[in-house]
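# Architecture at a glance
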Amino acid sequence: MLDIFENIDKIIPTIALIYAVTFFFFLKFIRERKSKKKDRKKKFFSALSEGLATGAIEDFEDLINVYQGINELTNEELKYRPGLTKWLREYLVDLINNEDGIAEYDFDLVKTKNKINSFINQNSQESPFADLPEIERSLIDDISTFVKTDNDEEAFRKLNELSGVIQTRENDINRLKSYNRWSIPLAVIGI
(Lines give C-alpha, C1' and ligand atoms only; values in the text may rest on other atoms or scores of the structure.)
Protein backbone atom coordinates (compact mmCIF):
# COMPACT_ATOMS: atom_id res chain seq x y z
CA MET A 1 0.00 0.00 0.00
CA LEU A 2 2.81 2.36 0.83
CA ASP A 3 4.48 1.65 -2.54
CA ILE A 4 1.45 3.02 -4.35
CA PHE A 5 1.74 6.38 -2.63
CA GLU A 6 5.49 6.51 -3.23
CA ASN A 7 4.99 5.93 -6.97
CA ILE A 8 1.89 8.11 -7.37
CA ASP A 9 3.80 10.52 -9.60
CA LYS A 10 4.27 7.64 -12.11
CA ILE A 11 0.82 6.08 -11.73
CA ILE A 12 -1.29 9.19 -12.40
CA PRO A 13 0.34 10.06 -15.75
CA THR A 14 0.06 6.41 -16.83
CA ILE A 15 -3.65 6.33 -16.01
CA ALA A 16 -4.18 9.66 -17.79
CA LEU A 17 -2.34 8.36 -20.86
CA ILE A 18 -4.43 5.17 -20.94
CA TYR A 19 -7.60 7.25 -20.58
CA ALA A 20 -6.57 9.62 -23.38
CA VAL A 21 -5.67 6.79 -25.79
CA THR A 22 -8.92 4.95 -25.05
CA PHE A 23 -10.93 8.14 -25.48
CA PHE A 24 -9.17 8.89 -28.78
CA PHE A 25 -9.93 5.42 -30.22
CA PHE A 26 -13.53 5.61 -29.01
CA LEU A 27 -14.04 8.95 -30.77
CA LYS A 28 -12.36 7.61 -33.91
CA PHE A 29 -14.67 4.58 -33.91
CA ILE A 30 -17.79 6.77 -33.56
CA ARG A 31 -16.64 9.12 -36.35
CA GLU A 32 -15.95 6.21 -38.71
CA ARG A 33 -19.36 4.69 -38.02
CA LYS A 34 -21.13 7.99 -38.67
CA SER A 35 -19.06 8.54 -41.79
CA LYS A 36 -19.94 5.09 -43.18
CA LYS A 37 -23.65 5.69 -42.55
CA LYS A 38 -23.45 9.09 -44.22
CA ASP A 39 -21.59 7.60 -47.20
CA ARG A 40 -24.23 4.86 -47.58
CA LYS A 41 -27.01 7.43 -47.53
CA LYS A 42 -25.22 9.61 -50.08
CA LYS A 43 -24.66 6.56 -52.30
CA PHE A 44 -28.37 5.67 -51.97
CA PHE A 45 -29.42 9.20 -52.93
CA SER A 46 -27.08 9.15 -55.92
CA ALA A 47 -28.28 5.70 -57.06
CA LEU A 48 -31.91 6.74 -56.58
CA SER A 49 -31.41 9.93 -58.62
CA GLU A 50 -29.60 8.07 -61.38
CA GLY A 51 -32.18 5.27 -61.38
CA LEU A 52 -35.12 7.66 -61.55
CA ALA A 53 -33.50 9.74 -64.29
CA THR A 54 -32.60 6.77 -66.48
CA GLY A 55 -35.71 4.73 -65.71
CA ALA A 56 -33.67 1.95 -64.06
CA ILE A 57 -35.84 2.25 -60.94
CA GLU A 58 -39.33 1.61 -62.22
CA ASP A 59 -41.09 0.12 -59.22
CA PHE A 60 -40.83 -0.50 -55.51
CA GLU A 61 -38.93 -3.79 -55.98
CA ASP A 62 -36.17 -1.97 -57.84
CA LEU A 63 -35.93 0.53 -54.99
CA ILE A 64 -35.76 -2.28 -52.41
CA ASN A 65 -32.96 -3.99 -54.35
CA VAL A 66 -30.93 -0.78 -54.40
CA TYR A 67 -31.57 -0.22 -50.68
CA GLN A 68 -30.61 -3.81 -49.87
CA GLY A 69 -27.45 -3.62 -51.95
CA ILE A 70 -26.21 -0.39 -50.41
CA ASN A 71 -26.97 -1.37 -46.80
CA GLU A 72 -25.87 -5.01 -47.24
CA LEU A 73 -29.06 -6.31 -45.64
CA THR A 74 -30.06 -9.94 -45.40
CA ASN A 75 -33.54 -10.97 -46.49
CA GLU A 76 -34.70 -11.14 -42.85
CA GLU A 77 -33.41 -7.64 -42.11
CA LEU A 78 -34.88 -6.39 -45.36
CA LYS A 79 -38.34 -7.61 -44.30
CA TYR A 80 -38.74 -4.59 -42.04
CA ARG A 81 -36.69 -2.10 -44.05
CA PRO A 82 -35.61 0.04 -41.11
CA GLY A 83 -34.73 3.56 -42.12
CA LEU A 84 -35.94 3.36 -45.74
CA THR A 85 -38.90 5.66 -45.15
CA LYS A 86 -36.66 8.12 -43.33
CA TRP A 87 -34.15 8.16 -46.19
CA LEU A 88 -36.91 8.58 -48.76
CA ARG A 89 -38.32 11.55 -46.84
CA GLU A 90 -34.86 13.12 -46.62
CA TYR A 91 -34.40 12.54 -50.34
CA LEU A 92 -37.77 14.22 -50.96
CA VAL A 93 -36.61 17.28 -49.02
CA ASP A 94 -33.35 17.39 -51.00
CA LEU A 95 -35.29 16.96 -54.24
CA ILE A 96 -37.62 19.85 -53.48
CA ASN A 97 -34.78 22.05 -52.16
CA ASN A 98 -32.63 21.08 -55.14
CA GLU A 99 -29.72 19.99 -52.92
CA ASP A 100 -26.89 17.45 -53.12
CA GLY A 101 -26.52 17.57 -56.89
CA ILE A 102 -30.02 16.32 -57.60
CA ALA A 103 -30.55 19.22 -60.01
CA GLU A 104 -28.04 17.75 -62.44
CA TYR A 105 -30.40 14.87 -63.17
CA ASP A 106 -32.96 15.27 -65.88
CA PHE A 107 -36.37 14.30 -64.53
CA ASP A 108 -39.73 15.91 -63.98
CA LEU A 109 -39.84 17.19 -60.41
CA VAL A 110 -43.57 16.60 -59.88
CA LYS A 111 -43.52 13.07 -61.31
CA THR A 112 -40.44 12.19 -59.27
CA LYS A 113 -41.97 13.65 -56.11
CA ASN A 114 -45.12 11.61 -56.68
CA LYS A 115 -43.09 8.46 -57.29
CA ILE A 116 -41.12 8.98 -54.05
CA ASN A 117 -44.38 9.59 -52.17
CA SER A 118 -45.80 6.36 -53.58
CA PHE A 119 -42.64 4.51 -52.46
CA ILE A 120 -43.04 5.97 -48.95
CA ASN A 121 -46.71 4.96 -48.83
CA GLN A 122 -46.00 1.47 -50.10
CA ASN A 123 -43.19 0.96 -47.58
CA SER A 124 -45.44 2.19 -44.76
CA GLN A 125 -48.18 -0.23 -45.81
CA GLU A 126 -45.88 -3.23 -46.18
CA SER A 127 -43.84 -2.50 -43.03
CA PRO A 128 -45.99 -0.31 -40.80
CA PHE A 129 -43.93 -1.02 -37.67
CA ALA A 130 -40.46 -0.87 -39.26
CA ASP A 131 -39.15 1.90 -37.03
CA LEU A 132 -40.03 0.14 -33.76
CA PRO A 133 -37.47 -1.83 -31.76
CA GLU A 134 -37.34 -5.52 -32.67
CA ILE A 135 -39.20 -6.89 -29.63
CA GLU A 136 -42.08 -4.44 -29.85
CA ARG A 137 -42.27 -4.85 -33.63
CA SER A 138 -42.48 -8.63 -33.29
CA LEU A 139 -45.21 -8.42 -30.64
CA ILE A 140 -47.28 -5.94 -32.64
CA ASP A 141 -46.92 -8.08 -35.78
CA ASP A 142 -48.17 -11.08 -33.77
CA ILE A 143 -51.08 -9.07 -32.36
CA SER A 144 -52.04 -7.92 -35.86
CA THR A 145 -51.98 -11.51 -37.10
CA PHE A 146 -54.10 -12.75 -34.21
CA VAL A 147 -56.63 -9.93 -34.63
CA LYS A 148 -56.95 -10.69 -38.36
CA THR A 149 -57.58 -14.38 -37.61
CA ASP A 150 -60.06 -13.58 -34.79
CA ASN A 151 -57.85 -15.27 -32.19
CA ASP A 152 -58.70 -12.91 -29.33
CA GLU A 153 -57.18 -15.03 -26.58
CA GLU A 154 -53.70 -15.02 -28.17
CA ALA A 155 -54.03 -11.33 -29.06
CA PHE A 156 -54.73 -10.46 -25.42
CA ARG A 157 -51.79 -12.63 -24.31
CA LYS A 158 -49.51 -10.74 -26.70
CA LEU A 159 -50.94 -7.43 -25.47
CA ASN A 160 -49.98 -8.42 -21.93
CA GLU A 161 -46.47 -9.26 -23.14
CA LEU A 162 -46.28 -5.91 -24.91
CA SER A 163 -47.37 -4.06 -21.78
CA GLY A 164 -44.64 -5.88 -19.84
CA VAL A 165 -42.01 -4.86 -22.39
CA ILE A 166 -43.20 -1.24 -22.31
CA GLN A 167 -43.12 -1.22 -18.50
CA THR A 168 -39.60 -2.67 -18.50
CA ARG A 169 -38.40 0.01 -20.94
CA GLU A 170 -40.04 2.71 -18.83
CA ASN A 171 -38.26 1.39 -15.72
CA ASP A 172 -34.95 1.36 -17.60
CA ILE A 173 -35.49 4.95 -18.76
CA ASN A 174 -36.31 6.11 -15.24
CA ARG A 175 -33.23 4.33 -13.87
CA LEU A 176 -31.03 5.96 -16.52
CA LYS A 177 -32.52 9.37 -15.73
CA SER A 178 -31.59 8.95 -12.07
CA TYR A 179 -28.04 7.86 -13.03
CA ASN A 180 -27.70 10.88 -15.32
CA ARG A 181 -28.79 13.17 -12.53
CA TRP A 182 -25.66 12.14 -10.61
CA SER A 183 -23.24 11.45 -13.46
CA ILE A 184 -22.92 15.02 -14.74
CA PRO A 185 -21.99 16.57 -11.37
CA LEU A 186 -19.59 13.67 -10.68
CA ALA A 187 -17.97 14.11 -14.09
CA VAL A 188 -17.49 17.82 -13.46
CA ILE A 189 -15.94 17.06 -10.07
CA GLY A 190 -13.76 14.38 -11.66
CA ILE A 191 -12.43 16.77 -14.28
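Attention here is on the structure that accompanies the text. (Residues numbered from 1 in each chain as written. Predicted model: local features only at pLDDT ≥ 70, side-chain atom pairs only at ≥ 80, totals over all residues. Heavy atoms only, no water.)

### Brief notes about unusual backbone geometry
The cut-off we apply is this: Runs of E in the DSSP output that reach at least two residues are strands. Runs of H or I that reach at least four are helices, and both are numbered from the N terminus.
Positive phi, close to 55 degrees, is recorded for Asp150, a residue that is not glycine. Mapped onto the elements, Asp150 comes out in the loop between helix H7 (134-148) and helix H8 (152-190).

### Some remarks on a positive patch on the surface
We count it as follows: Patches here: salt-bridge-free residues with over 30% relative accessible area, like charges joined within 9 Å, nonpolar side chains (Val, Leu, Ile, Met, Phe, Trp, Tyr) joined within 5 Å. Computed by Shrake-Rupley with a 1.4 Å probe, the accessible areas treat only the displayed protein chains as cover when residues are assessed. When a carboxyl oxygen of Asp or Glu lies within 4 Å of a side-chain nitrogen of Lys or Arg, that pair is called a salt bridge. Residues counted as positive are Lys and Arg, residues counted as negative are Asp and Glu, and His and the chain ends are not counted. A charged residue contributes its charge at one atom only: NZ of Lys, CZ of Arg, CG of Asp or CD of Glu. The buried label goes to any residue with under 20% of its type's maximum accessible area, the exposed label to any with over 50%, and the partly exposed label to all in between, with areas taken from a 1.4 Å probe on protein chains only.
The grouping of Arg33, Lys34, Lys36, Lys37 and Arg40 at the surface amounts to a positive patch. Arg33 gets classed as exposed once you look at its relative accessible area, which sits at 60%.

### Quick notes on the nonpolar core
The criterion, for reference: Take the buried residues of types Ala, Val, Leu, Ile, Met, Phe, Trp, Tyr and Cys, join any two whose side-chain atoms come within 4.5 Å, and each joined set is a nonpolar core. Contacts are assigned to residue pairs with any non-hydrogen atoms lying within 4.5 Å of each other.
Of all hydrophobic cores here, the largest spans 21 residues; its most connected members are Phe44, Leu48, Leu63, Leu88 and Ile116. At the level of elements, helix H2 (8-54), helix H3 (60-71), helix H5 (84-97) and helix H6 (109-126) are the ones that each hand at least two residues to this core. If one sorts the elements of this core by residue count, H5 sits on top with six residues. Those residues in contact with Leu88 that lie beyond four places of it in its chain are Phe44, Leu48, Leu63, Ile116, Phe119 and Ile120.

### As for the side chain of Lys158
Its location among the elements puts Lys158 in helix H8. The contacts of Lys158, once residues within four sequence positions are left out, are Leu139, Asp142, Ile143 and Phe146.

### Some details on the environment of Asp108
Here Asp108 lies in the loop between H5 and H6. Relative accessible area serves as the criterion here: at 41%, Asp108 is assigned to the partly exposed category. Considered as a pair, Asp108 and Leu52 are 56 residues apart in the sequence and their alpha carbons are 9.8 Å apart.

### Section: the packing of aromatic side chains
Selection rule: A pair of aromatic rings is counted whenever rings of Phe, Tyr or Trp (Trp by its six-membered ring) have centres within 6.5 Å, and the orientation is called stacked for planes under 30 degrees apart, edge-to-face for over 60 and tilted otherwise.
Enumeration according to the criterion identifies eight aromatic pairs in this entry. Ring geometry for Phe44 against Trp87: centres 5.4 Å apart, planes inclined by 40 degrees, an arrangement best described as tilted. Here the residue Phe44 occupies a position in helix H2, and Trp87 occupies one in helix H5, the gap between them amounting to 43 residues. Three or more aromatic residues link up through ring pairs in this structure, and these residues are Phe44, Phe45, Tyr67, Trp87 and Tyr91.

### Side note on the environment of Leu52
As for its position among the elements, Leu52 is in helix H2. Note: C-alpha distance between Leu52 and Lys111 (59 residues apart in sequence) is 10.0 Å. Non-local contacts of Leu52, meaning those with residues more than four positions away in its chain, are made with Ile57, Tyr91, Phe107, Thr112, Lys115, Ile116 and Phe119.

### A few points about the packing of H7 against H8
Relative placement of two packed helices is described by the angle separating their axes and the distance separating the axes. The condition that has to hold: The angle between two axes is taken between their N-to-C directions and runs from 0 to 180 degrees, where each axis is a line fitted to C-alpha atoms and a helix contributes only its stretch in contact. Each angle gets one of four labels, with under 35 degrees taken as roughly parallel, over 145 as roughly antiparallel, 65 to 115 as roughly perpendicular, and the rest as oblique. Crossing handedness is defined as follows: a turn of the near helix away from the far one that is anticlockwise and smaller than a right angle gives a left-handed crossing, while the clockwise case is right-handed.
Remark: H7 packs on H8, axes separated minimally by 9 Å, with the N-to-C direction vectors making an angle of 160 degrees. With respect to H8, the axis of H7 lies roughly antiparallel. Helix-helix and strand crossings are classified by hand; for H7 and H8 the assignment is left-handed. In this structure, H7 contributes Ile135, Glu136, Leu139, Ile140, Asp142, Ile143, Phe146 and Val147 to the contact, and H8 contributes Glu154, Ala155, Lys158, Leu159, Glu161, Leu162, Val165 and Arg169.

### As for the environment of Ile143
Looking at the secondary structure, you find Ile143 in helix H7. We classify Ile143 as buried; its relative accessible area is 12%. In contact with Ile143, other than residues within four places in its own chain, are Ala155, Lys158, Leu159 and Leu162.

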